[in-house]
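Single-letter residue listing:
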Amino acid sequence: MIIFATENVKVGAEQTKQYLPLLKGKRVALLSNHTGIVIQGKDTMHTLDLLLKHGVEVTAIFSPEHGFRGTAREGEHVASSVDEKTGIPILSLYDGKSYRPSKEAMATFDILITDIQDVGLRFYTYYVTMFRLMDACAHEGKQFMVFDRPNPNGYYVDGPILDMKHKSGVGALPIPVVHGMTLGELALMINGENWLSDSLNVDLTVIPCKHYTHQTLYRLPIAPSPNLRNMLSIYLYPAVCLFEATPVSLGRGTDKPFLCYGHPNFNAPRTEASVYGPAITFTPNQSTQKGRICDGVDLSGMSEEEALKKGFCLDYVIDAYKALNMDNFFFSAFFEKLVGVDYIRKMIIAGKTAEEIKATWEDDVKQFIIQRKPYLLYEE
């Protein structure tokens, strides 16, 4: 049985004695969304309200993908606005114009705080937004602070390291698919490895979590984005997100997003015999198969223990690839942006097994684990 330790963990935003003295007399910008909350007993407060309660001058809010309230779909452009409760400007970094703040926006604050719940994957875009803001702050001489939060996939490292020729909005750093770091640790690594442009460093402070280690299984108190609705989907996400670069639907718009996969031409007998889950028929209202009846595999009955054990794997993608018999037409150009390397597509087409492909990146993972060690804040 999985034992979670959520109740004992204290997130960075709760450590007011550590950071309030550092914010005194400074204009503060906040990168956050609906996940930036502090739970104390039965009371829940957003970090923005907590800062204002303590008299911090918050002059701007930056919002990432899905918007400040976390309701926009993946990739949907979100316009800048004003927070109705506080009247503070919300400056969208996902408005389709620029993913970096303007010079005018940068002039409105002295220090930028990041407080957002990540899920620890190279293609989950919240860390990319943080990275871009770190870069902007380094160039404008602004301070940067991270209120750290646990990584629900922080107990392992797996997947190929990004070949930087495939750098994109879903892959900004030379890290594995599953990097096993919190945002605070990743920020320290960005600085330490000189990954910011012009080899600059930003003036960085990380407010760490308490009572957290990389073996702590942390149950998120709130869904980090619209289609990651429970812990099972978060554990499956590293593997099944690869379907975003194929014609296979992930069940967006159904009650099982990221908990099933299918296609109108999926081989039904194979689906019935799948070792991954029973057959399912569903009609997505998002993705390339919108409105079409899809046959596929239902993963929603999988235990969290099993999903934890499988982690990042190619089993589901290879299963669908064989069922559809589309050869190279199964993959879009986006596939390399997600997996980060050229060889995985080629090996799948060549008929290699998931285990054979995994062996190709094992040495890279070992090297990365050594590389990241100086930046870890929590026991492995």
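The structure under discussion appears in the preceding block.
Our subject in this report is the structure included herewith.

## Re the pairing of strand E14 (residues 294–298)
Next, step 1: Of all 5 residues that make up E14, 4 are buried, and the element is covered over most of its length.
Next, step 2: Note that strand E12 (residues 260–263) and E14 share 4 bridges and pair antiparallel. Each bridged residue has a counterpart across the sheet, and for Gly262 the counterpart in E14 is Gly296.
Next, step 3: Judged from the 4 bridges that link them, strand E13 (residues 279–282) and E14 form a sheet pairing that is antiparallel. Bridge pairing in E14 places Thr281 opposite Asp295.

## Observations concerning the sheet that holds strand E8 (residues 143–147)
Next, step 1: A sheet is described by the order of its strands in space; here 7 strands give the open sequence E5-E6-E4-E1-E7-E8-E11, paired in mixed fashion. Edge positions in the sheet fall to strand E5 (81–82) and strand E11 (203–207), since each of these pairs with one other strand and no more.
Next, step 2: Here 2 bridges tie E5 to strand E6 (residues 89–92), and the two strands are oriented antiparallel to one another. Following the sheet pairing, Ser81 is matched in E6 by Ile90.
Next, step 3: The sheet strands contacting helix H4 (residues 126–140) are strand E1 (27–32), strand E4 (57–63), strand E7 (111–115) and E8, and the helix crosses E8 at an angle near 155 degrees.
Next, step 4: The sheet contacts of helix H5 (residues 183–192) involve E8 and E11, and relative to E11 the element is tilted by about 155 degrees.

## Section: the nonpolar core
Next, step 1: By size, the foremost hydrophobic cluster in this structure holds 126 residues, and its most contacted members are Phe144, Phe243, Tyr261 and Tyr316.
Next, step 2: With 10 residues, H4 is the largest single contributor of residues to this core.

## Description of the pattern of salt bridges
Next, step 1: Tallied over the entire structure, the rule returns 14 salt bridges.
Next, step 2: Asp158 is the salt-bridge partner of Lys358, the closest N and O atoms lying 2.4 Å from each other. A residue pair is termed long-range when its members are at least 10 positions apart, and Lys358 in helix H12 (residues 354–358) and Asp158 in strand E9 (residues 158–161) qualify at 200 residues.
Next, step 3: The exposure class of Lys358 is partly exposed, given its relative accessible area of 29%.
Next, step 4: A salt bridge links Asp298 to Lys256; the shortest N-O distance between them is 2.7 Å.

## Looking at helix H13 (residues 362–372)
Next, step 1: If you check which residues of H13 are buried, you get Val365, Phe368 and Arg372. Viewed end-on, H13 has its buried residues packed into an arc of 65 degrees, placing them on one side of the element. For H13, exposure combined with an orientation more than 90 degrees from the buried face picks out Asp363, Lys366, Gln367 and Ile370.

## Quick notes on the packing of aromatic side chains
Two numbers describe a pair of aromatic rings. These are the distance of the centres and the angle of the planes.
Next, step 1: Inspection of every chain in the model, using the stated rule, returns 18 aromatic pairs.
Next, step 2: Ring centres of Tyr155 and Tyr235 lie 6.5 Å apart, and the angle between their planes is 80 degrees; on these two criteria the pair is classed as edge-to-face. Of this pair, Tyr155 sits in the loop between E8 and E9 while Tyr235 is found in helix H6 (residues 231–240), placing the two residues 80 residues apart along the sequence.
Next, step 3: Relative accessible area serves as the criterion here: at 18%, Tyr155 is assigned to the buried category.
Next, step 4: A centroid spacing of 5.0 Å and a plane angle of 75 degrees characterise the contact between Tyr212 and Tyr378, whose relative ring orientation is edge-to-face. Here the residue Tyr212 occupies a position in the loop between E11 and H6, and Tyr378 occupies one in the segment after H13, the gap between them amounting to 166 residues.
Next, step 5: Overall, the relative accessible area of 5% leaves Tyr212 in the buried class.
Next, step 6: The residue whose ring lies beneath Lys142 is Phe109, and the NZ or CZ to ring-centre distance is 5.7 Å.

## A short note on the environment of Val146
Next, step 1: Relative to the helices and strands, Val146 is located in strand E8.
Next, step 2: By relative accessible area, which is 1% here, Val146 ends up buried.
Next, step 3: Not counting residues within four places of it along the chain, the set of residues in contact with Val146 comprises Thr114, Met130, Leu183, Gly184, Ala187, Leu204, Thr205, Val206 and Ile207.

## So, the packing of H4 against H5
Next, step 1: The geometry of H4 relative to H5 is characterised by a closest axis approach of 11 Å and an angle of 40 degrees between their N-to-C directions. Considering the angle they form, H4 stands oblique to H5. Read as a crossing pair, H4 and H5 show a hand that is right-handed. Residue-level inspection shows Tyr127, Met130, Phe131 and Met134 of H4 in contact with H5, the latter providing Leu183, Leu186, Ala187, Ile190 and Asn191.
Next, step 2: For the contact of H4 with H5, the residue count by class is 8 nonpolar, 1 polar and no charged.

## What to know about the state of the cysteines
Next, step 1: Scanning all chains against the criterion turns up 0 disulfides.
Next, step 2: We note that Cys294 lacks a disulfide partner, and the nearest cysteine sulfur, in Cys260, lies 8.6 Å from it.

## What to know about the sheet that holds E12
Next, step 1: Strands sit in the order E12-E14-E13 across an open sheet of 3 strands; the sheet is antiparallel. The sheet is open, and its two edges are formed by E12 and E13, each paired on a single side. On average, adjacent strands in this sheet sit at an angle of 35 degrees to one another, irrespective of strand direction.

## A short note on unusual backbone geometry
Next, step 1: Positive phi, close to 55 degrees, is recorded for Ser199, a residue that is not glycine.
Next, step 2: Turning to its location among the elements, Ser199 is positioned in the loop between H5 and E11.
Next, step 3: Ser199 sits in the exposed class, given a relative accessible area of 52%.
Next, step 4: The phi torsion at Asp327 lies on the positive side, around 55 degrees, for a residue other than glycine.
Next, step 5: In this fold, Asp327 is placed in the loop between helix H9 (315–324) and helix H10 (334–339).
Next, step 6: What makes Asp327 partly exposed here is its relative accessible area of 47%.

What counts, and where the lines are drawn
Residues numbered from 1 in each chain as written. Predicted model: local features only at pLDDT ≥ 70, side-chain atom pairs only at ≥ 80, totals over all residues. Heavy atoms only, no water. Buried < 20%, exposed > 50% of the residue type's maximum accessible area, 1.4 Å probe, protein only. Helix = DSSP H or I, 4+ residues; strand = E, 2+ residues; numbered from the N terminus. Pairing = 2+ DSSP bridges. Contact = heavy atoms within 4.5 Å. Axes fitted to C-alpha atoms, helices over the stretch in contact; angles between N-to-C directions. Core = buried A, V, L, I, M, F, W, Y, C linked by side-chain atoms within 4.5 Å. Salt bridge = Lys/Arg side-chain N within 4 Å of Asp/Glu carboxyl O. Arc of directions from axis to C-beta. Phe/Tyr/Trp six-rings, centres within 6.5 Å; stacked < 30°, edge-to-face > 60°. Lys NZ or Arg CZ within 6 Å of the ring centre and 35° of its normal. Parallel < 35°, antiparallel > 145°, perpendicular 65-115°, else oblique. Left-handed = near helix turned anticlockwise from the far one by under 90°. Nonpolar A, V, L, I, M, F, W, Y, C, P; charged D, E, K, R; others polar. Disulfide = S-S within 2.5 Å.

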